[in-house]
Amino acid sequence: MLPPLSPVRDPDTPVRVGAWLVAAVVFAAYGVMMAPSPYLLDSAELAAASFGLGIAHPPGEAVALLWGKLFCLLPIGGVAFRVGLGQAAAGAGAAVLVYRLAARVIAHSDAGAALGVMARVLLAAAAALVFAFAPGVVGVAVRPEVYALQSALSLAALLAALRAGDDRDPRFALLAALLLGLGVANHPLVAGLVGTGAVAAALPLLFPEQRGLRVRLVGLSVIALCTGALVFAYLPARAAALFSGAAAAPDAVAWGDARTPSGLWWVLAAKTFAAKAGLVHQATSAADTPFALIEELGLPVCMLAIGGGYLLVRARHTRRLGVALVVSLAGALGAAALAGFDPGNPDIRGYLGVGLAVLAVLVAALLALVLARVRLASARAICAAALLLLAGAGAATAVPACGLRHARSADVVAGDLLTALPARAALLTSYFETAFLLAYQRGVEGRRPDVAWAHLGFAAQPGYADRIGRAEPDLAPLLAAQAAGALDQGTVAALAARRPVRAEPDSQLKPALRDRLVPTELAGVWALAVDGVPASPTSSPAWPLSADLVAEAARDRQVRGFIGWRLYLDAELACARGFTDVATARLRQLDHLLPNDVRVAQLHQRCRAARAAFLPSRE
């Protein structure tokens, strides 16, 4: 009787098991850190637009919205939490792709044969954790956003292109082109610049093939790219639904009017941000971008990555691979620089996702070359395990530091705003974060349908005034005048005669509106004084900041900025209008919230000067 055959062990099995473990660990950690309710920046907008299939800020974020809508179907948590889970899943996928890239780079390097499968798996997993728990990567994976998904698409395209070049398999080149097309429909700037690395990785397919084959491959790749980019068709299709007749939804997130070619171009070209580009770039510097990488990964990791990149590019058999990685890194840095890199903006750090992934992979490549010189296989595995534990320890510290599981203040502040409004009020907002939060609370949760709401910052957008005016006829004359830059006292008085009006203070408000506002008890909400009513505060000047609100502001820079900005605008307008008690109360709260802030100190000086000028005129 013949002895039973021993099972054949697939050498790639540990690599696959490692990929599943990385995905499970990263996704579980992101789920624990997930914001439970609408958060600040663009998160509430993207959650609302995913739920209502709207059109997010230019260039429309079509792929991210469809991806988020898929997760809206989950029977767990609120809509913002579900859409955030979509980014968590994409972030976990990006971590797996970093793991796969690191394993591939190690296998193709001089260390591949000597290192062994287990040490290679451990090093690749360590690289994935270093990437996945960088603060900027976590920040865009635990709330509704687009950047975790964009990193996953770009890294998948890069890996597919590397396989196409290594195996001379055009199918992977077409897959890479399709993924790049989807990336372009998600975030064109990042996809376009980072995608140059994928193009560099797939170049061997063009040589030394016959010219006819090269032309066919390039043509099919272009078709695959355009197929992925066809998701852009979502924008005019949804615009037609959101802007149609009486069905026009006043609370829907719908930037621009993409029903016409010129309207679609307005969205895709991000023309609404063009006027702000000069201001953005004045406040930022491309030279800050490399320092952000150090903040994200630490100086030792960045220095080791330089060594890893040098060794990969230097060796002939890994040169193409190293060049593709370095070009992708340069593309991520270039995208962040072109967008106007602000080190304090967590959204702009999302541009660096692929760059951070490449740095982690390069570090793994260098460490693999070092460990390959260790003679004992067991010692190599132990050292690789120690590096994984070190990366895991860093990940564990990121969970409490970067998580948003306690982030509820933005939703509470917006909810208080709606609750405090009188029946059938007209609400005019000016601050984009307030608008996004209200779009979520009204469009997703259906709060205060009796209130007529318009965002003055959107009045000049194509189609906005017409859409809101048809849904809320009382607001039509004011929005039309605001869009034309001709808002006058008569238009404002006519609205006040029909509805009680509340507005956010802003230095850009037209004098016809700004000069008639009086403060209320809530920061960022002013009432419109009706003719014949004295222009005095309608209630106590103190905004009661709850202990929970203060505690969250203390640990979250974005929440602190959101609350501080509302207090600041209140104090600024109160000083200008001579509401001394309100200005004093708001400045006192600002001093407590933002001690030693330069802008607050300057506002103190302006308020003292305004008070000195105002009192004699009252006398």
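Predicted model only: the values in this text are computed from it and were never measured. (Residues numbered from 1 in each chain as written. Predicted model: local features only at pLDDT ≥ 70, side-chain atom pairs only at ≥ 80, totals over all residues. Heavy atoms only, no water.)

Colleague: Before we go on, may I ask you to explain the overall build of the protein in this structure?
Modeller: When its secondary structure is counted, the protein shows 30 helices and five strands. In terms of C-alpha radius of gyration, the protein reaches 27 Å, essentially the compact-globule figure of 25 Å for 619 residues. Over its C-alpha atoms, taken along the principal directions, the protein stretches across nearly 105 × 50 × 50 Å. A burial count over the protein gives 53% of its 619 residues as buried. Put simply, of all contacts in the protein between residues at least 6 apart along the chain, 72% involve residues at least 24 apart. As presented, the protein carries roughly 26100 Å² of accessible surface, and 65% of it is formed by carbon and sulfur atoms. Averaged over its 52 positive side-chain charges, the protein has a centre that lies 8 Å from the centre of its 41 negative ones. (Helix = DSSP H or I, 4+ residues; strand = E, 2+ residues; numbered from the N terminus. Rg over C-alpha atoms; globule rule 2.2 N^0.38 Å. Buried < 20%, exposed > 50% of the residue type's maximum accessible area, 1.4 Å probe, protein only. Contact = heavy atoms within 4.5 Å. Areas by Shrake-Rupley, 256 points an atom, 1.4 Å probe, with all protein chains shown as cover. Lys, Arg positive; Asp, Glu negative; His and termini not counted. Charge placed at Lys NZ, Arg CZ, Asp CG, Glu CD.)

Colleague: Which parts of the structure should I look at to understand the packing of aromatic side chains?
Modeller: Given two aromatic rings, one states the distance between the centres and the angle between the planes to describe the pair. Counted by the stated rule, this structure contains twelve aromatic pairs. Aromatic side chains Phe-432 and Phe-436 sit 5.6 Å apart centroid to centroid with 75° between the ring planes, which places their arrangement in the edge-to-face category. In this pair, Phe-432 and Phe-436 both sit in helix H22 (residues 432-443), four residues apart, roughly one turn of the helix. A connected cluster of aromatic rings, assembled from ring pairs, spans Trp-255, Tyr-431, Phe-432, Phe-436, Phe-458, Tyr-464, Phe-562, Trp-565 and Tyr-568. Taking the ring centre of Phe-243 as reference, the NZ or CZ of Arg-467 above it sits at 5.3 Å. In this structure, Arg-599 is placed above the aromatic ring of Tyr-568, and the distance from its NZ or CZ to the ring centre is 5.1 Å. (Phe/Tyr/Trp six-rings, centres within 6.5 Å; stacked < 30°, edge-to-face > 60°. Lys NZ or Arg CZ within 6 Å of the ring centre and 35° of its normal.)

Colleague: I tried to follow the state of the cysteines on my own but got confused; where do I start?
Modeller: Every disulfide links exactly two cysteines, by a covalent bond between their sulfur atoms. Counted under the stated rule, the structure contains one disulfide. Two residues, Cys-575 and Cys-607, share a disulfide whose sulfurs are 1.7 Å apart. Between Cys-575 and Cys-607, the disulfide has an S-S torsion of 95° and is therefore right-handed. Of this pair, Cys-575 sits in helix H28 (residues 557-577) while Cys-607 sits in helix H30 (residues 598-618); the two residues are 32 residues apart in sequence, bridging distant segments of the chain. (Disulfide = S-S within 2.5 Å.)

Colleague: Explain the pairing of strand E1 (residues 426-429) to me, please; I cannot follow it from the model alone.
Modeller: A regular strand places its side chains on the two faces of the sheet in alternate fashion. Here E1 shows no split at all, with Ala-426 and Leu-428 on one side and Leu-427 and Thr-429 on the other all buried. Across four bridges, the pairing between E1 and strand E2 (residues 452-455) is parallel. In the sheet register, Thr-429 faces E2, and the bridge partner there is His-455. Between the parallel pair E1 and E2, the chain is carried across by H22, and the sense of this crossover is right-handed. Two strands pair when backbone bridges link them, and E1 and strand E3 (residues 501-503) are joined in this way by three bridges, in the parallel orientation. What sits directly across from Leu-427, in E3, is Arg-502. (Pairing = 2+ DSSP bridges. Right-handed = clockwise from strand over helix to strand, strands pointing away.)

Colleague: Can you help me understand the environment of Gln-441 in this one?
Modeller: Among the secondary structure elements, Gln-441 is positioned in helix H22. Using a relative accessible area of 0% as the deciding quantity, one classes Gln-441 as buried. Those residues within four positions of Gln-441 in sequence are excluded, and the remaining contacts are Asp-411, Ala-414, Gly-415, Leu-418, Gly-446 and Arg-447.

Colleague: Explain unusual backbone geometry to me, please; I cannot follow it from the model alone.
Modeller: In most cases, non-glycine residues show a negative phi, while peptide bonds are predominantly trans. In this structure, Pro-59 follows Pro-58 across a cis peptide bond, with omega equal to 10°. Within the secondary structure, Pro-59 sits in the loop between helix H2 (43-52) and helix H3 (62-72). Positive phi, close to 65°, is recorded for Asn-596, a residue that is not glycine.

Colleague: Mind showing me how you'd approach the nonpolar core here?
Modeller: Soluble globular proteins tend to bury their nonpolar side chains together. Among the nonpolar cores identified, the biggest contains 211 residues, and Tyr-30, Phe-131 and Phe-133 are the most heavily contacted of them. With 19 residues, the top contributor of residues to this core is helix H4 (residues 79-108). Setting aside its immediate chain neighbours within four residues, Tyr-30 contacts Ala-88, Gly-91, Ala-92, Ala-132, Phe-133, Val-137, Val-138, Ala-141 and Val-142. Counting five residues, the second largest nonpolar core, distinct from the first, contains Phe-172, Ala-173, Leu-205 and Leu-217. (Core = buried A, V, L, I, M, F, W, Y, C linked by side-chain atoms within 4.5 Å.)

Colleague: Would you explain the sheet that holds strand E5 (residues 526-528) in this entry?
Modeller: Neighbouring strands of a sheet are bound in pairs by backbone hydrogen bonds; such pairs are parallel or else antiparallel. Taken together, five strands build an open sheet; the order of strands is E2-E1-E3-E5-E4 and the sheet is mixed. Pairing within the sheet leaves two strands with one partner each, and these edge strands are E2 and strand E4 (517-519). Put simply, the sheet's adjacent strands are angled 25° from each other on average, direction ignored. (Axes fitted to C-alpha atoms, helices over the stretch in contact; angles between N-to-C directions.)

Colleague: Just to check I follow, could you spell out the environment of Ala-480 for this structure?
Modeller: By the secondary structure assignment, Ala-480 is in helix H24 (residues 476-484). Overall, the relative accessible area of 43% leaves Ala-480 in the partly exposed class. Once the C-alpha coordinates of Ala-480 and Thr-491 are considered, the two residues, eleven residues apart in sequence, prove to be 10.0 Å apart.

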